[in-house]
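# Residue-level structural notes
What follows is the residue order along each chain.
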Amino acid sequence: MLLQGKKALILGLANNKSIAYGIAQAFKAQGARLAFNYVGDAIKKRVEPLSAELGGEFTFQLDVSDDAQIAAAADLVREKWGDLDILVHSVAFANREDLSGRFLDTSRDGFHLALDISAYSLTGLCRAFEPLLHEGSSVLCMTYHGSTKVIPGYNVMGVAKAALEASVRYLSYDLGAKGVRVNAISAGPIKTLAASAVSGLKDIFSRVEEHAPLRRNVTTADVGGTATYLASDLANGVTGEIIYVDSGFSQLGI
């Protein structure tokens with residue numbers, strides 16, 4: 001098994017349609033040990049049964065916009081596991097009103113919120129968990145093609161994902177000195193809870209099926225397979241990369 005005994009912390013599990021869920025399933029199938037966060041009591045009620053289903057060893061509260069909670073999470077993981085092999089950041093958020101209409105109308109507060117939760121949180125998490133990461137550890141995050149091309153309605157989230165991808169490159173340099181790899185997966189559109197908030201994505205699913213080289217949309221299992229590769233020793237020489245899992249749609253010129 002590719003991940004036998006590896007300890008994986010997966011942030012952002014919301015339901016069984018989440019990309020985080022697909023990644024967790026793939027990791028479990030390859031022998032990883034799992035733990036999950038939740039933001040509040042409402043999410044906790046959904047996460048705990050999923051964690052039990054997936055064989056998670058523990059769950060804990062973590063709002064990535066709160067440095068104190070990030071520090072407490074790192075302390076808890078150190079207490080439970082001692083160190084960490086895999087950190088998965090599958091977290092993003094923007095106000096719904098900023099995911100429709102014009103990007104031009106994004107408020108200052110909305111911009112700050114999207115960038116804080118969707119991009120800066122990766123840096124904050126890596127800083128807090130750095131003492132637990134070791135040579136061979138892998139950090140993964142999720143991004144989308146709207147970081148480099150205009151996707152109507154993706155708006156401020158596209159800017160946040162661009163910042164996230166730049167962060168991946170800089171973090172890969174900083175953490176590479178101790179043998180820690182940092183990569184991002186740019187998944188094609190998937191019908192998740194988060195995607196439902198982006199009005200402009202509704203028509204893209206049919207466009208992908210019609211025009212992508214593979215003529216289909218991707219699944220959370222597709223993303224989970226790539227995440228498993230990046231988390232495993234097979235990807236020991238891969239860091240600072242944005243790997244597209246989108247049926248080849250991003251390669252089209254028209």
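Preceding this paragraph is the structure being described.
Quick summary incoming for the structure in this document. (Residues numbered from 1 in each chain as written. Predicted model: local features only at pLDDT ≥ 70, side-chain atom pairs only at ≥ 80, totals over all residues. Heavy atoms only, no water.)

### Focus on the pairing of strand 6 (residues 181-187)
Cut-off, in case you're wondering: Exposure is judged per residue with a 1.4 Å probe applied to protein chains only, and the accessible area is read against the type maximum: over 50% gives exposed, under 20% gives buried, and values in between give partly exposed. What counts as a helix is a DSSP run of H or I of at least four residues, what counts as a strand is a run of E of at least two, and both are numbered from the N terminus. A pair of strands is treated as paired once DSSP finds two or more bridges between them. Whether a crossover is right-handed comes down to one check: with the strands pointing away from the viewer, does the path from the first strand over the helix to the second run clockwise; if it does, it is right-handed.
Of all 7 residues in strand 6, 7 are buried; the element is thus mostly enclosed. Bridge count between strand 5 (residues 138-143) and strand 6: 6 bridges; the pairing is parallel. Residue pairing for strand 6: Met142 is matched across the bridge by Ile185. Handedness of the crossover is the feature at issue here: the chain leaves strand 5, passes through helix 5 (residues 155-176), returns alongside strand 6, and the resulting connection is right-handed. Pairing geometry for strand 6 and strand 7 (residues 242-245), over 4 bridges, is parallel. Note on strand 7: the bridge partner recorded for Ala187 is Val245.

### What about the layout of surface pockets?
Which parts of space are left empty comes out when a probe the size of a water molecule is rolled across the atoms. So the rule is basically this: Note on definitions: the grid is 1 Å and covers protein atoms alone; a cavity is a set of points where a 1.4 Å probe fits but cannot get out; a pocket is an open set with protein on both sides within 12 Å along at least five of seven lines; lining residues have an atom within 4 Å of a point. Grid points are joined across faces, edges and corners, and a volume is the space filled by probe spheres set on the points. In the scheme used here, Gly and all other residues not listed as nonpolar or charged are polar, with Ala, Val, Leu, Ile, Met, Phe, Trp, Tyr, Cys and Pro taken as nonpolar and Asp, Glu, Lys and Arg as charged.
The calculated volume of the second largest pocket comes to roughly 380 Å³. Together, 15 residues line the second largest pocket, and His145, Ile151, Arg207, Phe249 and Ile254 are the ones closest to its centre. Classifying every residue of the lining of the second largest pocket by side-chain character gives 7 nonpolar, 5 polar and 3 charged.

### Some remarks on empty space enclosed by the protein
Considering all chains together, one arrives at 1 cavity of 30 Å³ or more under this definition. As a volume, the largest cavity reaches approximately 80 Å³. Looking at the largest cavity, the residues that line it are Tyr144, His145, Ile151, Ser186, Ala187, Gly188, Pro189, Ile204, Tyr244, Asp246, Phe249 and Ser250.

### Here we look at the nonpolar core
Rules: Only buried residues count toward a nonpolar core. Its members are Ala, Val, Leu, Ile, Met, Phe, Trp, Tyr and Cys residues joined through side-chain atoms within 4.5 Å. Residue contacts follow a heavy-atom distance rule, with two residues in contact if any of their heavy atoms lie within 4.5 Å.
Grouped together as the largest cluster of nonpolar side chains are 46 residues, with contacts concentrated most on Leu9, Leu84 and Phe129. Mapped onto this core, the elements with two or more residues apiece are strand 1 (7-11), strand 3 (58-61), helix 3 (67-81), helix 4 (108-129), strand 5, helix 5, strand 6 and helix 6 (204-211). The element that contributes the greatest number of residues to this core is helix 4, accounting for 8 residues. Other than its neighbours up to four places away in sequence, Leu9 contacts Ala35, Phe60, Val77, Trp81, Leu84, Ile86, Leu87, Val88 and Phe129. Counting 32 residues, the second largest nonpolar core, distinct from the first, contains Ala20, Ile190, Val223 and Leu230.

### Overview of the sheet that holds strand 7
Put simply, the rule reads: Fitted lines through C-alpha atoms give the axes, limited to the stretch in contact for helices. The angle between two N-to-C directions lies from 0 to 180 degrees.
The sheet built from 7 strands is open, its strands ordered 3-2-1-4-5-6-7 with parallel pairing. One side of each edge strand has no neighbouring strand; the edge strands of this open sheet are strand 3 and strand 7. Ignoring strand direction, the axes of neighbouring strands in this sheet form an average angle of 20 degrees. Pairing of strand 2 (residues 33-38) with strand 3 involves 4 bridges; the strand directions are parallel. Among the inter-strand pairings, Phe36 is bridged to a residue of strand 3, identified as Thr59. Strands in contact with helix 5 are strand 4 (86-89), strand 5, strand 6 and strand 7; relative to strand 5, the strand with the most contacts, it is inclined by about 170 degrees.

### Some words on the side chain of Asn155
This is how the line gets drawn: Counted as a polar contact is a pair of N or O atoms within 3.5 Å, where, for protein atoms, one must be capable of donating a hydrogen and the other of accepting one, and residues adjacent in sequence contribute only when both atoms are in side chains.
If you trace the backbone, Asn155 turns up in helix 5. Look at Asn155 and you get buried, because its relative accessible area is 12%. Separated by 3.4 Å, the side chain of Asn155 and the backbone oxygen of Gly101 make a polar contact. When sequence neighbours within four positions are dropped, the list of residues in contact with Asn155 reads Asp98, Leu99, Ser100, Gly101, Arg102 and Phe103.

### Concerning the packing of aromatic side chains
Under the convention used in this document: Between the rings of Phe, Tyr and Trp (Trp by its six-membered ring), a pair exists once the centres lie within 6.5 Å; its type follows the angle of the planes, with under 30 degrees stacked, over 60 edge-to-face, and the other angles tilted. Lysine NZ or arginine CZ positioned within 6 Å of the ring centre and within 35 degrees of the ring normal marks a charge as sitting over the ring.
Applying the stated criterion to the full structure yields 3 aromatic pairs. Taking the centre distance of 5.0 Å and the plane angle of 70 degrees together, the rings of Tyr144 and Tyr154 count as edge-to-face. Taken as a pair, Tyr144 in the loop between strand 5 and helix 5 and Tyr154 in the loop between strand 5 and helix 5 lie far apart in primary sequence, 10 residues in all. On the basis of relative accessible area, Tyr154 is assigned to the buried category, the value being 7%. In textbook terms, an aromatic cluster arises when at least three aromatic residues are bridged by ring pairs, as seen for Phe58, Phe60 and Trp81. Note that Lys80 overlies the ring of Phe58, its terminal NZ or CZ placed 5.7 Å from the centroid.

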